[in-house]
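# Fold and geometry: a report
Residue-level listing of the chains:
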Amino acid sequence: MLVLLSAGLTGVCLAQGADLRPPAALTAGQPTVIATSGSGEASFYLLGPGHTFRKQVHLGQEIPLGIDQVRTAGRYLAILCSANGCRSALFYVTPASPASLSFLAHPSRVPVKQLDAISGVAFPYDKFHNLVLAPVTIDFQLKSSVGDSISRPTTTQNGVAWFRANSSNQAGTAQLVAAVGDLSVRRVVQQVASDPCNLRVKGQRTAKGILVETEPVRDCSGNPVPDGTVVTFTETDPAGKSTVDMPIKQGVARAQFLAAGPAIISVASGVVMGNQLQLGGQ
Amino acid sequence: MRPHFALARISSWSALSKIFILSPVFIAFFWCGPRTVGADSMPANSLPQVQLDARNAGPRTLENLTQQNIGRHYANAWQNLAAAFEHNAPTSLSDYFVGAAREQLGQAVADQQKAGLHSRYRDQRHKVDVVFYAPEGDIVELHDSVECDFEVFEGEKSIHHEPAVLRYVVLMTPSADRWVIRQLQAVSQF
Amino acid sequence: MKYLMPLIISFITAILVAAGTFGPTRLGATTGITSGSALPGLSSAAKTPEQAVDKLLNEIQRRNWGVAYAQLVDAGNIDEALFTRDLTGNNGSLRTLSGLESWRLQPLHATNDEAQIRATLRWSTAVGPIRDVRDLKVLRQDDVWKVVWPVPTFPNLPAQIVPVNYLRWDLVTPNGEGEWGDRAVDAPHVRIVSMNAIPYQNGCVVMGEVVNEDTIPAFVNVNATLVDGTGKSIAEESSFDKISHILLPKQVSPYRVDFPNISLQEVKNVRMDAKATLAPTSSDPVIGVMNQKVETDSEGRNVLRGSLLNQSGQTVNIPHVIATFYDSNGRVVWVSDGYVDRPLLPQLPEPFAVEIPGPIVGKVQNYHVVVNYYNIAKS
């Protein structure tokens, strides 16, 4: 009686010897068992980062943990409660080997000839969507439409790898790939023309007034500026000033003004100014 | 006349007596009666302490305003997480958790409720290091060492209680008006 | 005694009915709902030119087109349908969404039989009030003054085929599947190229220009936050409609953010934020701004006048003109805007005018106009 009383006063440790022995190291999705000691019935609880369950167990027997119960990497708390109190034990589940990559590439459109304009960040995940924190070598490749290719293997630190590259001189579609072993993820980066360069306009008088047209609008690397880019034509004559914002179509922008007398025509696109044209009267 | 008067007097006395007897009953009911355990009726957890250190952030430098926002939103996220686990309310996670983090935590809360448990994270003190800030500023990785008082209950009975030191690898991304947690993964050490 | 109260009530009722029937009113009518005199035909004759114009405008305000038309001199001179169309608008223009709210009359000159009255009309529209100034001739016929309504001219739109081959951009949104990192297209890249904050009336105004530096169209909004010396935010406002929201690639738009009642002296810093989102749009219609000139109008106000030419094949229902004014250093000194309450028909010019505030006009060396628009079918 005295032994039982003292056992009750001092708590769980002495009560019927119930104890938990979780695995020392565990990988996500790896079935395992938790050994128990003691005798009698107890309630077992497992609190994990993505899963919690409870079951009645016989002390002294092993408690099996299936794939689904240990799929999420993180901290697990196992609790065993019997009539005389509760015991708990901690263990950690680490991620499995990489099975997928999350790859963020920026930007989706980039002007040509820009330094460090393209960047990519990759995170390796295992098949249970746990972030793999162990070092993994990811191969970043940038392939442009004209055949230029860069490859940069990078080892992850804290589960992340990143890289930067310049955009090429020529407009077109570039493929950005992040690969680990057989896994690869692809992104597309549009390399587009930069600001218009050497914007030039020519004009002539017609029966209806003045017809003005730009030369093919290109950037400083010779890439044609995409259709839809706005070119602002301004015509100034003694009657006043006229302007029209005209989108480029098939590489050139055209506009018509009704001025009969002498006129000065100027052109601009964005913050780039072009030449000025002086036309005499009819 | 007398019987009517008596009847009236008895009626009014009955009505009055009903009011006087029942009022304390109602008051007692609303004051001490059963309460619905839920996030709305329990007092809100206070905002956890978060100390954010961005000196090691790279390759991009973390701007001051961004640092303040991340710290504030991370604290809010943990406050919501604590509420979700304490009141078994997975909807508390929807504001600051997305993707895998929300799925996993939501499942954990649902399972916890099914098992008749709830857990409590009290007196949280987070020491957060920014270890990665993407070149485009669209993702940040944090290492969080959190000290808190962690307790697990089955009904009203405490089955586990510890002053815990937890370590998390956290991925946060910006959404429409806040930073949200995309990955919250506990590790034994950084 | 018991009949006194009913008598008093009846008497007051009769007075009120008479006042409502015969008295002038400036209350606005509800657009689209016909209203009229309680007792048609019972109205007093105009004994003065101002009365004639007043009566006419009253009927216009009540949308009693027939009654208003009957008050014109020689009603046969102008077709009733034309008269009505002049006032109600057509082709989904801003006038079709307007009602006459109030007016002010100013006699310009008068003789025994003829007078000229300047009527400054205030139209209440879907986008705010619009001023319309008309100089109306009034003639006396048989002791009654009547208004001569100027015959409106509606241009004849010839039938034609206008090919449309301008670029159009569609936006395809992800269907909810696909992993994180695969879902987003970058927002368009826009940049604020200039900003100028000036005191104006009892407040201050922040204005400048924003450019779409990207190769796709952007829906742009500019916000400004005023910050005091301690770094605390005093106020935050948006450009609202003083900006051309849809910017095609390399297109420049002015913006203006108004802070009424906040003195510029309280402001230490201005924080600008240009938000751009992807927008499906077309580069059609192209609208030219022709023959722009700074002039003084008949009321002595400084205005930038010109005409808009819709170079496409579709009607533009509600054009919106935004003008940027620059000083000799090329700095933005003012941004004005105004809505045109007539539609832009294809290939036909339509005049516009935007006001330049008096204190600003002396600084203006150059200007640039952009045209925004709202089409009923697309809204």
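Residues numbered from 1 in each chain as written. Chains lettered and ligands numbered in written order. Predicted model: local features only at pLDDT ≥ 70, side-chain atom pairs only at ≥ 80, totals over all residues. Heavy atoms only, no water.

The next thing to look at is the overall build of chain A. Within chain A, the secondary structure is distributed over one helix and 25 strands. Over its C-alpha atoms chain A spans a radius of gyration of 36 Å, topping by over 25% the 19 Å that the globule rule assigns to 282 residues. Accessible surface, chain A as shown: approximately 12,700 Å² in total, 53% of it carbon and sulfur. Taking the average place of the 22 positive charges on the side chains of chain A and the average place of its 17 negative ones, the gap between the two points comes to 1 Å. (Helix = DSSP H or I, 4+ residues; strand = E, 2+ residues; numbered from the N terminus. Rg over C-alpha atoms; globule rule 2.2 N^0.38 Å. Areas by Shrake-Rupley, 256 points an atom, 1.4 Å probe, with all protein chains shown as cover. Lys, Arg positive; Asp, Glu negative; His and termini not counted. Charge placed at Lys NZ, Arg CZ, Asp CG, Glu CD.)

What follows is about the interface of chain B and chain A. Listed as interface residues are 34 residues of chain B and, on the opposing side, 34 residues of chain A. Between chain B and chain A the total buried area reaches about 2,900 Å² when both faces are included, carbon and sulfur atoms providing 62% of it. Across the pair Glu154 of chain B and Arg54 of chain A runs a salt bridge whose closest N-O atoms are separated by 2.2 Å. Here chain B is connected to chain A by ten residue pairs in polar contact (both at pLDDT 80 or more). Elements supplying a minimum of two residues to the side of chain B that touches chain A: α3 (99-114), β2 (117-133), β3 (140-154), β4 (157-174) and β5 (179-187) of chain B. (Contact = heavy atoms within 4.5 Å. Buried area = accessible area lost by both parts, 1.4 Å probe. Salt bridge = Lys/Arg side-chain N within 4 Å of Asp/Glu carboxyl O. Polar contact = N/O pair within 3.5 Å; in protein donor to acceptor, adjacent residues only side chain to side chain.)

Here we take up the side chain of Ser93 of chain C. All names here are of chain C. Looking at the element boundaries, Ser93 is found in the loop between α4 (80-88) and β1 (99-110). Residue Ser93 is classed as buried on the basis of its relative accessible area of 0%. Side-chain polar atoms of Ser93 contact the backbone oxygen of Asp341, separated by 3.3 Å. Setting aside chain neighbours within four positions, we find Ser93 in contact with Asn317, Ile318, Asp341, Arg342 and Pro343. (Buried < 20%, exposed > 50% of the residue type's maximum accessible area, 1.4 Å probe, protein only.)

Attention now moves to the sheet that holds strand β3 (residues 32-37) of chain A. All names here are of chain A. Across the sheet, three strands lie side by side as β1-β3-β6; this open sheet has antiparallel pairing. The sheet is open, and its two edges are formed by β1 (19-21) and β6 (63-65), each paired on a single side. The mean angle between the axes of side-by-side strands here comes to 25 degrees, regardless of whether they run parallel or antiparallel. Pairing of β1 with β3, which is carried by three bridges, proceeds in the antiparallel orientation. Paired with Arg21 across the two strands is Ala35, which belongs to β3. (Pairing = 2+ DSSP bridges. Axes fitted to C-alpha atoms, helices over the stretch in contact; angles between N-to-C directions.)

Turning our attention to the interface of chain C and chain A. The partner chain A presents 38 residues to the 38 residues of chain C that form the contact. Across the chain C/chain A interface, buried area totals approximately 2,900 Å², and carbon plus sulfur atoms make up 53% of it. In this structure, the connection of chain C to chain A is made through two salt bridges. With a shortest N-O distance of 3.5 Å, Lys250 of chain C and Asp195 of chain A are connected by a salt bridge. Connecting chain C to chain A are 16 residue pairs in polar contact (both at pLDDT 80 or more).

To continue, consider the packing of aromatic side chains. Per the counting criterion, the structure on display carries 13 aromatic pairs over all chains. Taking 5.9 Å as the distance between ring centres and 75 degrees as the angle between the ring planes, the aromatic pair formed by Trp78 of chain B and Tyr121 of chain B counts as edge-to-face. Of the two residues, Trp78 of chain B is situated in helix α2 (residues 64-87) and Tyr121 of chain B in strand β2; the sequence distance between them amounts to 43 residues. Side by side, Trp78 of chain B and Tyr121 of chain B carry an identical accessibility label, which is buried. Pairing Phe85 of chain B with Tyr121 of chain B gives two aromatic rings, centres 6.1 Å apart and planes at 70 degrees, and the pair type is edge-to-face. One end of the pair, Phe85 of chain B, is in helix α2; the other, Tyr121 of chain B, is in strand β2, and 36 residues separate them in sequence. By relative accessible area, Tyr121 of chain B is classed as buried at 12%. Here a set of aromatic residues connected by ring pairs shows up, and it is made of Trp78, Phe85, Tyr121, Phe150 and Tyr168 of chain B. The residue whose ring lies beneath Arg178 of chain B is Tyr96 of chain B, and the NZ or CZ to ring-centre distance is 4.8 Å. For Arg85 of chain C, the ring lying beneath its charged end belongs to Phe154 of chain C, and the centroid distance is 4.1 Å. (Phe/Tyr/Trp six-rings, centres within 6.5 Å; stacked < 30°, edge-to-face > 60°. Lys NZ or Arg CZ within 6 Å of the ring centre and 35° of its normal.)

Turning next to the sheet that holds strand β12 (residues 137-143) of chain A. Residues and elements named next belong to chain A. Across the sheet, which stays open at both edges, the five strands sit in the order β10-β16-β15-β12-β13 with mixed pairing between neighbours. The open sheet terminates on both sides in strands that have one partner only, identified here as β10 (109-111) and β13 (149-155). Neighbour-to-neighbour, the strand axes of the sheet open up by a mean angle of 25 degrees, direction not taken into account. Both β10 and strand β16 (residues 183-192) contribute to a ladder of three bridges, which runs parallel. Each residue of the ladder has a partner; that of Val110, found in β16, is Gln191.

As a further point, take a nonpolar patch on the surface. Residue and element names in this part refer to chain C. There is a patch of nonpolar side chains on the surface, built from Met1, Leu4, Met5, Ile8, Ile9, Phe11, Ile12, Ile15 and Leu16 and spanning about 980 Å² of accessible area. Mapped onto the fold, Leu16 is located in helix α1 (residues 4-22). Classification of Leu16 by relative accessible area gives exposed; the value is 58%. (Patch = residues over 30% accessible without salt bridge, like charges linked within 9 Å, V, L, I, M, F, W, Y side chains within 5 Å.)

Phe97, Leu142 and Leu184 of chain B are the most contacted members of the largest nonpolar core, which has 46 residues in total. At the level of secondary structure, the elements contributing two or more residues to this core comprise β4 (41-47) and β7 (74-82) of chain A together with α2, α3, β2, β3, β4 and β5 of chain B. Among the elements that line this core, the one with the most residues is α2 of chain B, at eight residues. In contact with Leu184 of chain B, other than residues within four places in its own chain, are Tyr74, Trp78, Leu81, Phe97, Ala101, Leu105, Tyr168, Val169 and Val170 of chain B. Counting 28 residues, the second largest nonpolar core, distinct from the first, contains Val289, Val332, Ile356 and Tyr367 of chain C. (Core = buried A, V, L, I, M, F, W, Y, C linked by side-chain atoms within 4.5 Å.)

Applying the stated rule across the entire model yields two disulfides over all chains. Each sulfur in the disulfide pair Cys81 of chain A and Cys86 of chain A lies 2.0 Å from the other. Given an S-S torsion of about 110 degrees, the disulfide between Cys81 of chain A and Cys86 of chain A has right-handed geometry. Among the residues examined, Cys81 of chain A registers a relative accessible area of 7% and is labelled buried. By relative accessible area, Cys86 of chain A is classed as partly exposed at 21%. With its sulfur 2.1 Å from that of its partner, Cys197 of chain A forms a disulfide with Cys220 of chain A. One quick way to see it: the torsion about the S-S bond of Cys197 of chain A and Cys220 of chain A is about 85 degrees, and its sign makes the bridge right-handed. Placement of Cys197 of chain A in strand β17 (residues 196-197) and of Cys220 of chain A in the loop between β20 (218-219) and β21 (230-237) is noted, with a sequence separation of 23 residues between them. Judged by its relative accessible area of 62%, Cys220 of chain A falls in the exposed class. Sequence-ordered numbering of the disulfide-bonded cysteines in chain A gives the connectivity 1-2, 3-4. For Cys148 of chain B, which is in no disulfide, the shortest distance to another cysteine sulfur is to Cys86 of chain A and amounts to 19 Å. (Disulfide = S-S within 2.5 Å.)

All names here are of chain C. Averaged over chain C, the pLDDT score is 87; the fraction of residues at 70 or greater is 90%. Counted against residues more than four places away or in other chains, residues 27-41, with its pLDDT under 50, gives 24 contacts. If you check the scores for this complex, the pTM reads 0.73 and the ipTM reads 0.79. (pLDDT = per-residue confidence, 0-100.)

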